[in-house]
Amino acid sequence: MKYPGDISDPAQQDWFDRMSSKYGVTRIITGDGKSNPCIALHGPGPADKRCKDCALCYYNQFSKRYYKCELRGSTRGPATDHRANWPTCGKFQPQPAQPV
Ligand code: SF4
């Protein structure tokens, strides 16, 4: 299965290509909607953080916020919706420090 959405970052596209050939596209982009599918792939991340604290978490603003994880890419639909309060995975990246 070819990835159905867009990944703008070439490094993330490379990661996606490698992981999808290893695990299959469906497992990476969909999960079960109730738990973070990235934990199965990468193991758990810091227990005191949530995905909303990760630099790879972003959202698209429409009538409400639709959170996404850059590692999962985006199908522009609910298959890749991501919960901001999900526990983190092993690919957690801290947000860059804000200048004071
Ligand atoms: S911790 Fe970061 S990389 Fe891992 S699933 Fe959450 S947002 Fe994605």
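You'll find the structure just up there.
Report follows, based on the coordinates. What you see is a predicted model, and the numbers here were worked out from it, not measured in a lab.

**Structural notes on the site of the ligand**
The ligand sits among 13 residues. The nearest are Cys38, Cys51, Cys54, Cys69 and Cys89. For the shell around the ligand, the class distribution of residues is nine nonpolar, three polar and one charged.

**Some words on the pairing of strand 1 (residues 57-61)**
Across five bridges, strand 1 lies against strand 2 (residues 65-69) in antiparallel orientation. Looking across to strand 2, one finds that Tyr58 is bridged to Lys68.

**A look at helix 1 (residues 10-23)**
Counted at 1.5 Å a residue, the expected span for helix 1 with its 14 residues is 20 Å, and the 20 Å between its end C-alpha atoms agrees. Within helix 1, only one of the 14 residues are buried, which leaves the element largely exposed. Downstream of helix 1 by one or two residues, Gly24 has phi in the positive range, about 95 degrees.

**Let's talk about the nonpolar core**
The biggest cluster of nonpolar side chains holds 10 residues, and these are Cys38, Cys51, Cys54, Leu56, Cys57, Cys69, Leu71, Trp86, Cys89 and Phe92. Setting aside residues no more than four positions away along its own chain, Cys69 makes contact with Cys38, Cys51, Leu56, Cys57 and His82.

What counts and how
Residues numbered from 1 in each chain as written. Predicted model: local features only at pLDDT ≥ 70, side-chain atom pairs only at ≥ 80, totals over all residues. Near = placed C-beta within 6 Å. Nonpolar A, V, L, I, M, F, W, Y, C, P; charged D, E, K, R; others polar. Pairing = 2+ DSSP bridges. Helix = DSSP H or I, 4+ residues; strand = E, 2+ residues; numbered from the N terminus. Expected span 1.5 Å × (residues − 1). Buried ≥ 20, exposed ≤ 12 C-beta atoms within 10 Å, placed from the backbone. Core = buried A, V, L, I, M, F, W, Y, C linked by C-beta atoms within 7 Å. Contact = placed C-beta atoms within 7 Å.

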